[in-house]
Amino acid sequence: MISETLKKAREYEKREQSKIPEAERPAYHFSVPVGWMNDPNGFSGYQGEYHLFYQYHPYGTDWNSMHWGHAKTRDFVAWEYLPAALAPDKPYDAAGVFSGGAVEKDGRQALLYTGVSEEVLPDGSKQVRQNQCLAVGDGLDYEKDGANPVITADQLPPGSSLEDFRDPKVWKEDETFYTVVGSRAEDGSGQVALFSSEDLKHWKFCSILDRCENRYGKMWECPDFFRLGNSQILMVSPQDMMAEGLEFHNGNGVVYLIGDYEKEQFRFHRKAVQSPDYGLDFYAAQTLETSDGRRILIGWMKSWDANLFPEGFRWNGMMTVPRELSLKNGRIYATPVRELERYRRNEVSYRDLALSGNMELPGLRGRTADITVELKEESYECFRMLVAQNQRFRSEIIYDPKKEILTFDRTYSGLRRDFACRRSMAVKARDGRVSLRILLDRYSVEIFVNGGESVLTAIIPTPQEADGILFEVQGKVKADIVKYELAQ
Ligand code: FRU
């Protein structure tokens, strides 16, 4: 039985999404059918396909009463929209069906999500509660469990917040289900709680895997916990971060906590911390494991502090390109999912090209492209690449080989609001080379440096006619450049 609230959302999205022209959407990034989207949810395999749910408000382009939208894919590039999966239609989730995960159980698809309820107390104050809830279905329709909520905040260590307890990521290991949930400890800062269950309905508190202690932001949202190579990764999305060097920026961010895991004791030992993305628009990332053993990450391509999307559009929300993760020398690398290469068309390439001064290269333009620029030895003081460029607009990718800093700057990308526009990251030459793989889509730029050693993601609202690509080099650098159009 689907509720009136869900039925209404399904009818609305079906009717309205078809009114949005394809050309107004990104060409190969997942975008919300209509309205608002934030976090990826329930990113997981189910019966041979990969499902993506997401925080969804179909009726407007701002955050509001949260539903779960739904889509699936076989290759992480071509997505099929499915009807909205969950609506806020029960007393325990009426104030929002917040983020969570999905897992297969006995051939069915189980969704574990945060139900938010809000009660006005006799003194007029509001009491918010966040608890974890279960819904089970067939990949299209889901039934919420009669015993919801299945995990409540009073199962946490004493002093933990009853209000901030959200975003269960769920997985199965040796016949047991586990979930990690973001929460706030007695000191008000974030912690990640681990629970286990045999049936997804009865959950036991196992441990607090890690605590923020006000070091990396405050509340930790959207945790994920997975093995990568010989390390264990706890990934969290902290709120209220403060900038530290070039590693972390102000506001909401995402961090990988890299460490070891003593599974029997449920103890995680953090050894290193790394930013998955140094860009302007990246949050609430989630991962899955593919049937061939790859760990794939997808993030919400947006910042909570910069609600940036092209004016007048009826959709507001994109995901990053899904990224394959690997661990090399203690660092997590991310590269665009290999399936994207099947969508490459019309190669243009230059080998050992001497770049110097201002240059435009024949065949090198466009707004939906996969471009690799490999800067080889030689003497240059500054490399600048202008993309989505015309007389009025541009976004700049700037590399300073002396300072070993790569900067992205969208000041002139067509923004009409006073949002952050520049971000820099440390980039060192490897064997005398700096390699930049740049994914351009109609409204975004993603830069993968040195085979995925660091990544920078940003939205650009630039009109599509600005499709130039220019180089401006102080000094001289030898470069290999390969460009493909990306088309579905
Ligand atoms: C993260 C987040 C989650 C929450 C959701 C609500 O972006 O704040 O913690 O579940 O968004 O939409």
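Computed from a prediction, not measured in an experiment: that's the story for all the values here.

## A few points about the UniProt feature "domain: Glycosyl hydrolase family 32 N-terminal" (unreviewed entry) in the protein
1) Next: When the UniProt feature table is mapped onto this chain numbering, "domain: Glycosyl hydrolase family 32 N-terminal" (unreviewed entry) sits at residues 29-336.
2) Next: Summarising residues 29-336: 0% helix, 55% strand, and an end-to-end C-alpha distance of 11 Å.

## Focus: helix H1 (residues 4-17)
In an α-helix, one turn spans 3.6 residues; hence positions three or four apart end up facing the same way.
1) Next: With 14 residues, H1 extends 20 Å from end C-alpha to end C-alpha; this agrees with the ideal 20 Å at 1.5 Å per step.
2) Next: Listed as buried for H1 are Leu6, Ala9, Arg10, Tyr12, Glu13 and Glu16. For H1, the buried positions fall inside an angular range of 170 degrees around the axis, keeping them on one side. Exposed and facing more than 90 degrees away from the buried side of H1 are Glu4, Lys8 and Lys14.
3) Next: On the buried face of H1, the contacting elements are strand E2 (49-57), strand E3 (67-73) and strand E4 (79-86).

## Notes on the site of the ligand
1) Next: If you check the shell around the ligand, you find Asn38, Asp39, Gln55, Trp63, Met66, Phe98, Ser99, Arg166, Asp167, Glu221, Tyr283 and Trp304 and nothing else.
2) Next: Isolated, the ligand exposes 320 Å² of accessible area, and the fraction of that covered by the protein chains is 95%.
3) Next: When contributions to the shell around the ligand are tallied by element, the ones reaching two or more residues are strand E1 (35-46), strand E5 (97-105) and strand E9 (165-173).
4) Next: Within the shell around the ligand, the residues separate by chemical class into 5 nonpolar, 3 polar and 4 charged.

## Section: the pattern of salt bridges
1) Next: Under the criterion given, the structure shown has 43 salt bridges.
2) Next: One salt bridge connects Asp174 with Lys263, and the closest N-O pair in it is separated by 2.9 Å. With Asp174 in the loop between E9 and strand E10 (176-184) and Lys263 in the loop between strand E15 (255-262) and strand E16 (267-274), this pair connects stretches of sequence that are 89 residues apart.
3) Next: We note a salt bridge from Lys428 to Glu404, for which the minimum N-O separation is 3.1 Å. Of this pair, Lys428 sits in the loop between strand E27 (422-426) and strand E28 (434-441) while Glu404 sits in the loop between strand E25 (395-400) and strand E26 (405-409), placing them 24 residues apart in sequence.
4) Next: Classification of Glu404 as partly exposed rests on a relative accessible area of 28%.
5) Next: When salt bridges with common partners are traced through the structure, they connect Asp292, Arg294, Glu324, Arg338 and Glu339 into a single cluster.

## Here's the deal with the UniProt feature "domain: Glycosyl hydrolase family 32 C-terminal" (unreviewed entry) in the protein
1) Next: Here the UniProt-annotated "domain: Glycosyl hydrolase family 32 C-terminal" (unreviewed entry) positions come out as residues 339-482.
2) Next: In residues 339-482, the share of helix is 0% and the share of strand is 62%. The end C-alpha atoms are 18 Å apart.

## Some thoughts on the packing of aromatic side chains
1) Next: Applying the stated criterion to the full structure yields 26 aromatic pairs.
2) Next: Aromatic pair Trp36 and Trp300: ring centres 5.8 Å apart, planes at 70 degrees, arrangement edge-to-face. Linking Trp36 in strand E1 with Trp300 in strand E18 (residues 295-300), this pair joins segments that are 264 residues apart in sequence. For the pair formed by Trp36 and Trp300, the shared burial category is buried.
3) Next: Aromatic rings pair up to connect Trp171, Tyr178, Phe225, Tyr261, Phe266 and Phe268 into one cluster.
4) Next: The cationic tip of Lys8 hangs over the ring face of Tyr59; the distance from NZ or CZ to the ring centre is 4.7 Å.
5) Next: It is Arg215 that lies over the ring of Tyr216; its NZ or CZ is 4.3 Å from the centre.

## Details of the sheet that holds E16
1) Next: Ordered by their spatial adjacency, 4 strands build an open sheet running E13-E14-E15-E16, and the pairing between neighbours is antiparallel. Among the strands making up the open sheet, the edge pair consists of strand E13 (220-228) and E16. The sheet shows a mean angle of 30 degrees between the axes of neighbouring strands, taken without regard to direction.
2) Next: Two strands pair when backbone bridges link them, and strand E14 (residues 231-238) and E15 are joined in this way by 5 bridges, in the antiparallel orientation. Counterpart to Met235 in the pairing with E15 is Tyr256.

## What to know about the layout of surface pockets
1) Next: Considering only enclosed or pocket space, the largest pocket measures out at about 600 Å³ in volume.
2) Next: In terms of lining residues, the largest pocket is bounded by 30 residues, among which Val170, Trp171, Lys172, Glu289 and Arg295 are the most central.
3) Next: Listed by contribution, the elements that provide at least two residues to the lining of the largest pocket are E1, E2, E5, E9, E13 and strand E17 (283-289).
4) Next: Counting residues per element, the lining of the largest pocket draws most heavily on E9, which supplies 5 residues.
5) Next: Each pocket or cavity is described by its volume, and for the second largest pocket that value is around 420 Å³.
6) Next: Taken together, the residues that form the lining of the second largest pocket break down as 10 nonpolar, 4 polar and 4 charged.

## Quick word on the nonpolar core
The nonpolar side chains of a soluble globular protein tend to be buried, and buried together.
1) Next: Ranked by internal contacts, the top residues of the largest apolar core, which has 66 residues, are Tyr28, Phe30, Phe43, Tyr256, Met319, Leu325 and Leu340.
2) Next: Among all residues touching Tyr256, those that are not within four sequence positions of it are Ile233, Leu234, Met235, Ala272, Val273, Gln274, Ser275, Pro276, Leu297, Leu325 and Ile332.
3) Next: In this structure, Leu361, Ile371, Ala388 and Phe408 belong to the second largest nonpolar core, which totals 39 residues.

Reading the values: rules and limits
Residues numbered from 1 in each chain as written. Predicted model: local features only at pLDDT ≥ 70, side-chain atom pairs only at ≥ 80, totals over all residues. Heavy atoms only, no water. UniProt positions renumbered as here; feature names shortened; annotations may be inferred. Helix = DSSP H or I, 4+ residues; strand = E, 2+ residues; numbered from the N terminus. Expected span 1.5 Å × (residues − 1). Buried < 20%, exposed > 50% of the residue type's maximum accessible area, 1.4 Å probe, protein only. Arc of directions from axis to C-beta. Contact = heavy atoms within 4.5 Å. Near = heavy atom within 4 Å. Areas by Shrake-Rupley, 256 points an atom, 1.4 Å probe, with all protein chains shown as cover. Nonpolar A, V, L, I, M, F, W, Y, C, P; charged D, E, K, R; others polar. Salt bridge = Lys/Arg side-chain N within 4 Å of Asp/Glu carboxyl O. Phe/Tyr/Trp six-rings, centres within 6.5 Å; stacked < 30°, edge-to-face > 60°. Lys NZ or Arg CZ within 6 Å of the ring centre and 35° of its normal. Pairing = 2+ DSSP bridges. Axes fitted to C-alpha atoms, helices over the stretch in contact; angles between N-to-C directions. 1 Å grid on protein atoms, 1.4 Å probe; cavity = no way out; pocket = protein on both sides within 12 Å on 5 of 7 lines; lining within 4 Å. Points joined across faces, edges and corners; volume = space filled by probe spheres on them. Core = buried A, V, L, I, M, F, W, Y, C linked by side-chain atoms within 4.5 Å.

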